[in-house]
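Given next are the chains, with one letter for each unit.
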Amino acid sequence: MADRVHPMSAPPSSTPPQDHVAATETTPLHPSFRRTPPPTPGTYIVQIPKDQVLRVPPPDRARRYKKLAARPVRQRRVRRACCGFFGAVLLLVLLAAAFVGVVYLVFRPRAPSFSVTSLSIRGLDALALSSSSLSPQIDAAVRADNGANKKTGIDYRHGGEVTVSYHGEQLAVGQWPAFFQAPRNVTLFSTVLTGKGVGFTEDQRKRLAAEQAAGTVPLTVEAMVPVRVKFGKVLRTWTVDVKSRCEVTVDKLAEKAAAAANRGCRIKVRPLWWWW
């Protein structure tokens, strides 16, 4: 009796089917496998090439960069020249200020003082006051004191003028003499002042007569003198005008010298405000 033989299944093949291989090669990976892993927390330094930093401005500065780059070369040169000029002027001003400060600290200049010692008045007596036109003549004795300056001399130039007035009415005009006043020096000088065509109102005549009777006639003596200040033996300033105003009171209007009581003198020198 014959044995029944069962068919055997084919052994498993080591090579996969072609369809499976093709499916494995063409199937895309899951999107999660393609993502770049997140950076670890920390501080990062980004280095930019130098040529990009200098040549490529950021977007917010691009318009200004183009405007500056489009300026003409001549305009930039003019601006540089102006800046250089103003810088040089500023430097000269600073040097001059430093020089003036050094001179002031070394010499310590002070203003001279003036006073009127006496006045001899003619042509303003009681008989003359009755006339409508007066020609008074005044001899003024003035004292100039430079004792406050130890190293500074004062050179009074030609062209100075002295005036005497009564309540704003000019009485006489004369010249201030030219002379040099050394440091720590006191100079007394006299000058002749003359007037012409002087007239007073009736009220002024009455008031002048009353003041003369009381021995208190107020007068104003003003002087405008060009001077130059000398520091030591070499340095000299430019010529400036010195204005002096003295309020005096005389006891009489007579030909003899009348004693003058000084009520104070004021001096003004604007161009040399630092001198005083």
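Residues numbered from 1 in each chain as written. Predicted model: local features only at pLDDT ≥ 70, side-chain atom pairs only at ≥ 80, totals over all residues. Heavy atoms only, no water.

1. Some points on the overall build of the protein
Condition: Runs of E in the DSSP output that reach at least two residues are strands. Runs of H or I that reach at least four are helices, and both are numbered from the N terminus. When accessible area is computed with a 1.4 Å probe and restricted to protein chains, residues below 20% of their type maximum are described as buried, those above 50% as exposed, and intermediate ones as partly exposed. Contacts are assigned to residue pairs with any non-hydrogen atoms lying within 4.5 Å of each other.
Check the secondary structure of the protein and you find seven helices and eleven strands. Counting over 276 residues, the protein shows a buried share of 28%. Once local pairs closer than 6 in sequence are excluded, the contacts in the protein between residues at least 24 apart make up 67%.

2. A closer look at the packing of aromatic side chains
As a reminder of what qualifies: Each Phe, Tyr or Trp ring, with Trp reduced to its six-membered ring, pairs with another whose centre is within 6.5 Å; inter-plane angles below 30 degrees give stacked pairs, above 60 give edge-to-face pairs, and intermediate values give tilted ones.
The full count for this structure, using the stated rule, is nine aromatic pairs. Look at Phe179 and Phe189: their rings are 5.7 Å apart centre to centre, the planes differ by 50 degrees, and that puts the pair in the tilted class. Residue Phe179 is found in strand β6 (residues 179–181), and its partner Phe189 is found in strand β7 (residues 186–194); the two are separated by ten residues along the sequence. Since its relative accessible area comes to 17%, Phe179 is described here as buried. Linked through ring pairs, Phe114, Tyr156, Trp176, Phe179 and Phe189 together constitute an aromatic cluster.

3. As for the state of the cysteines
The condition is simple: Cysteine sulfur atoms that come within 2.5 Å of each other are treated as a disulfide pair.
Overall, the coordinates contain one disulfide when judged by the stated rule. No disulfide involves Cys82; its sulfur sits 6.9 Å from that of Cys83, the nearest cysteine. For Cys83, a relative accessible area of 53% puts it in the exposed group.

4. Here we look at helix α7 (residues 202–214)
Formally: Expected span of a helix, by definition, is 1.5 Å for each gap between consecutive residues, and there is one gap fewer than residues.
Over its 13 residues, α7 runs 19 Å from end to end, which matches the ideal 18 Å to within 8%, given 1.5 Å per residue. Once α7 ends, the next one or two residues include Gly215, with phi positive near 75 degrees.

5. Structural notes on the pattern of salt bridges
Here is the rule we go by: What makes a salt bridge here is a side-chain nitrogen of Lys or Arg within 4 Å of a carboxyl oxygen of Asp or Glu, nothing more.
Counted according to the given criterion, the structure contains seven salt bridges. Close ionic contact of Asp139 with Arg122 constitutes a salt bridge, the shortest N to O distance being 3.3 Å. Of this pair, Asp139 sits in strand β2 (residues 137–145) while Arg122 sits in strand β1 (residues 113–122); the two residues are 17 residues apart in sequence, bridging distant segments of the chain. What makes Asp139 partly exposed here is its relative accessible area of 26%. With a relative accessible area of 23%, Arg122 lands in the partly exposed category. The salt bridge partner of Glu222 is Arg245, with a shortest N-O separation of 2.7 Å.

6. Describing a nonpolar patch on the surface
Short version of the rule: Only residues whose relative accessible area exceeds 30% and that form no salt bridge enter a patch; like-charged residues are grouped when within 9 Å of one another, and nonpolar side chains (Val, Leu, Ile, Met, Phe, Trp, Tyr) when within 5 Å. Here the Shrake-Rupley method, with its probe set to 1.4 Å, supplies the accessible areas, and only the displayed protein chains count as covering residues.
Taken together, the side chains of Phe85, Phe86, Val89 and Val93 make up a nonpolar region of the molecular surface, amounting to roughly 410 Å² of accessible area. Since its relative accessible area comes to 57%, Phe86 is described here as exposed.

7. Some details on the confidence of the model for the protein
To keep things clear, this is the line we draw: What pLDDT conveys is the predictor's confidence in a given residue, as a value from 0 to 100.
Mean pLDDT over the protein works out to 77, with 69% of the residues at or above the 70 mark. Long-range and interchain partners of residues 18–24, a stretch whose pLDDT sits below 50, account for one contact in this model, where long-range means more than four residues apart.

8. Structural notes on the pairing of β2
As a reminder of what qualifies: We call two strands paired when DSSP finds no fewer than two bridges between them.
With nine bridges joining them, β1 and β2 adopt antiparallel strand pairing. Bridging from a neighbouring strand, Ser120 pairs with Asp139 of β2. Alignment of β2 against β7, held across nine bridges, turns out to be antiparallel. Looking at β7, one finds that Ala140 is bridged to Thr191.

9. A word on the environment of Val142
Relative to the assigned elements, Val142 resides in strand β2. Measuring from C-alpha to C-alpha, the distance between Val142 and Leu119 comes to 9.2 Å, with 23 residues separating the pair along the chain. The residues contacting Val142, other than those within four sequence positions of it, are Ser115, Thr117, Trp176, Thr187, Leu188 and Phe189.

10. Here we look at the side chain of Ser244
Structurally, Ser244 can be placed in strand β10 (residues 240–250). Judged by its relative accessible area of 7%, Ser244 is buried. The contacts of Ser244, once residues within four sequence positions are left out, are Phe114, Val221, Glu222, Ala223, Arg266 and Ile267.

11. Description of the pairing of strand β5 (residues 169–176)
Two strands pair when backbone bridges link them, and strand β4 (residues 160–166) and β5 are joined in this way by seven bridges, in the antiparallel orientation. Counted as the bridge partner of Tyr166 is Glu169 from β5.

12. Some remarks on the environment of Ala182
Relative to the assigned elements, Ala182 resides in the loop between β6 and β7. Residue Ala182 is classed as partly exposed on the basis of its relative accessible area, which comes to 32%. Through-space distance from the C-alpha of Ala182 to that of Ile154 is 6.6 Å; in sequence the pair is 28 residues apart. Beyond its immediate stretch of four places on either side in the chain, Ala182 contacts Asn146 and Gly153.

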